[in-house]
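# Understanding the architecture of this molecule
Each chain, written out:
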Amino acid sequence: MNYQEVLEQARGCIGSYCKACNVCNGKVCKNQIPGPGAKGVGDTAIRNYDKWQEIRVTMDTICENGTPDTALELFGRTFKYPFFAGPVGAVNLHYGDKYDDLAYNNILVKSCSENGIAAFTGDGTNPAVMQGAAEAIKAAGGVGVPTVKPWNVDTIKEKMALCKDAGSFAIAMDVDAAGLPFLKNMTPPAGSKTVEELAEVASLAEVPFIVKGIMSVKGALKAKEAGAAGIVVSNHGGRVLDQCPATAEVLADIADALKGSGVKIFVDGGIRSGVDVFKALALGADAVLICRPFVPAVYGGAEEGVKLYIEKIGAELADTMAMCGAKDLASITRDMVFVR
């Protein structure tokens, strides 16, 4: 099986929202809810993808010949590549009933850990979503990052207990999910968090805590103040607010603001190739999350589909590094990309 065959098989079982497009750029699914679209018109998801394509890479092959080292050191672990699978929850609702969250996470987390990366897992109103994610991460020896929604504090404590029992090497919270309508309907309500509230969550984690949903220097500094060990520059895939800038447009300023702080910087949103991963690293990210394309990889090829997708992105990254004169991740610098 090759990756194109994985996509073709996914189209037959992935439901009515996602189309398992050759390129996941947000233009077909647009504003379909539930599903992979947005609660608005979906223009931010499309912008995320388009802005990465406007950035070009600077070829330079007058350099030492050799195979680039794509390995990443993060929170005491070594990964084969500097990209991870992003969090998805309620897959049977959003992507079709071939899998529920337990089955999806068992496949994704296992295959990611066996192929040198880690999966961030999702969360949802159904407690079984986080329970299944925690079980999958525990079975993989803690190689996974459970991502908790910004619930009220009592619910967060319940979710954190599951995360810690899983032995995960890090825990995340997608604070950008505050824009999802179901959170606002909770009693007590959930959603946005103050610096003080976020600091309490960070202390509950007891492992490196990652705040996902940062879109400004101000937001990044507030996450740092709250004790975050890492941030994800993210607008929730463009799903929660129209008229946002793309993550590619804000990444460099955020990276500059956090330089020397020790806070690790991830970025997601429209990153769809190893070349895009290279661009993100050149703009200051330590690592990248790729979310939606892993869904058709699972639906179309299960563990083999995930493996093929990881190998595809990894090979594209290594080739771009070689063609731009970067022997390892530390050698990737901002002058290796051209930003108009």
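Residues numbered from 1 in each chain as written. Predicted model: local features only at pLDDT ≥ 70, side-chain atom pairs only at ≥ 80, totals over all residues. Heavy atoms only, no water.

## Here we look at the sheet that holds strand 8 (residues 209–214)
Convention followed: Strands pair, by our definition, only if DSSP identifies at least two bridges between them. Under the scheme used here, helices are H or I runs from DSSP no shorter than 4 residues and strands are E runs no shorter than 2 residues, and both carry numbers assigned from the N terminus. Throughout, a residue-residue contact means that at least one pair of heavy atoms, one from each residue, lies within 4.5 Å. Only C-alpha atoms enter the line fits that serve as axes; for helices the fit covers just the stretch in contact. Angles between N-to-C directions range over 0 to 180 degrees.
Sheet architecture is open: eight strands sit in the order 4-11-10-9-8-7-6-5, paired in parallel fashion. Strand pairing shows two members of the sheet lacking a second neighbour, strand 4 (83–85) and strand 5 (120–121), which therefore form its edges. Alignment of strand 5 against strand 6 (residues 145–148), held across two bridges, turns out to be parallel. Pairing of Phe120 across the sheet is with Val145, part of strand 6. Across the sheet, helix 6 (residues 153–166) is in contact with strand 6, strand 7 (171–174) and strand 8; its angle to strand 7 comes to roughly 145°.

## Overview of the environment of Gly86
Filter applied, for reference: For every residue, the accessible area (1.4 Å probe, protein chains only) is compared with the maximum for its type, and the residue is labelled buried under 20%, exposed over 50%, or partly exposed between those bounds.
Mapped onto the secondary structure, Gly86 falls in the loop between strand 4 and helix 3 (91–95). Here Gly86 falls in the buried class, since its relative accessible area comes to 3%. Taking the C-alpha atoms as reference points, Gly86 and Ile55, 31 residues apart in sequence, are found 22 Å from one another. Once residues within four sequence positions are removed from consideration, Gly86 is found in contact with Phe120, Leu289, Ile290 and Cys291.

## Some points on the nonpolar core
The test is simple: As used here, the term nonpolar core means buried Ala, Val, Leu, Ile, Met, Phe, Trp, Tyr and Cys residues forming a set that is joined through side-chain atoms within 4.5 Å.
In this structure, Phe84, Tyr104, Ile231 and Phe294 are the most contacted members of the largest nonpolar core, which totals 111 residues. Broken down by element, this core gets its largest block of residues, 13 residues, from helix 12 (residues 294–324). Not counting chain neighbours up to four residues away, the residues in contact with Tyr104 comprise Val88, Val91, Tyr99, Phe294, Val295, Val298 and Tyr299.

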